[in-house]
Amino acid sequence: MDTADQADALNDLIGPTQGPNGPATRLLALFDADPAAGGVEAGVDCPGYARVSVAKADWDEATAADPVKRTTDLVQFPDVTGEWARTMTYWGL
């Protein structure tokens, strides 16, 4: 798949140009390792953690020159309310 096709695929899945059946928002979650390899989402041992909702309008369009999706604004998670037992290194939608 060339970069133009990659950009088109990303835009079809996420953001303002996604297909009509796409969700209006997606939840952004934090994980302690690659979720595809068994990483665990932050939870009760991470006080104050909550998933964050990101609207489809909040994503930049991927292009052939830059086939990457980025949010248009900073995504802000709630303030932590205590020490976390694990370090979060991955995110997932």
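Residues numbered from 1 in each chain as written. Predicted model: local features only at pLDDT ≥ 70, side-chain atom pairs only at ≥ 80, totals over all residues. Heavy atoms only, no water.

Examining the nonpolar core
Our working rule: For this analysis, a nonpolar core means a set of buried residues of the types Ala, Val, Leu, Ile, Met, Phe, Trp, Tyr and Cys, connected via side-chain atoms within 4.5 Å. Burial status follows relative accessibility: with a 1.4 Å probe on protein chains alone, a residue under 20% of its type maximum counts as buried, one over 50% as exposed, and anything between as partly exposed. Secondary structure elements are defined from DSSP: runs of H or I of at least 4 residues count as helices, runs of E of at least 2 residues count as strands, and each element is numbered from the N terminus. Residue contacts are counted whenever heavy atoms from the two residues lie within 4.5 Å of one another.
One finds Leu30, Ala42, Cys46, Tyr49, Phe77 and Met88 to be the most contacted residues of the largest nonpolar core, which totals 13 residues. Counting only elements with at least two residues in this core, the list comes to strand 1 (25–31) and strand 2 (52–55). With four residues, strand 1 is the single largest residue contributor to this core. If sequence neighbours within four positions are ignored, Tyr49 has contacts with Leu28, Ala29, Leu30, Glu41, Ala42, Gly43, Phe77 and Trp84.

Notes on the side chain of Asn11
Where we set the bar: Here a polar contact is taken to be a pair of N or O atoms separated by no more than 3.5 Å, where protein atoms must pair a possible hydrogen donor with a possible acceptor and residues adjacent in sequence count only if both atoms sit in side chains.
Looking at where Asn11 falls in the secondary structure, it is placed in helix 1 (residues 3–13). A distance of 2.8 Å separates the side chain of Asn11 from the backbone oxygen of Ala62, its partner in a polar contact. Discounting residues that sit within four places of it in the chain, Asn11 has contacts with Thr17, Gln18, Asp60, Glu61, Ala62 and Lys69.

Observations regarding the sheet that holds strand 2
The strands making up a sheet associate through backbone hydrogen bonding, with each pair oriented either parallel or antiparallel. For clarity, the cut-off: Pairs of strands are assigned from DSSP output, requiring at least two bridges between the strands. Inter-axis angles, ranging from 0 to 180 degrees, are taken between N-to-C directions of lines fitted to C-alpha atoms, where helices are fitted over the stretch in contact.
Strand order across the open sheet formed by three strands is 2-1-3, with antiparallel pairing between neighbours. Pairing within the sheet leaves two strands with one partner each, and these edge strands are strand 2 and strand 3 (90–92). Going across the sheet, the axis of each strand differs from the next one's by a mean of 30°, ignoring polarity. As defined by bridge partners, strand 1 adjoins strand 2 across four bridges and the pair is classed as antiparallel.

Treat this as a map of the structure, not an account of what it does.
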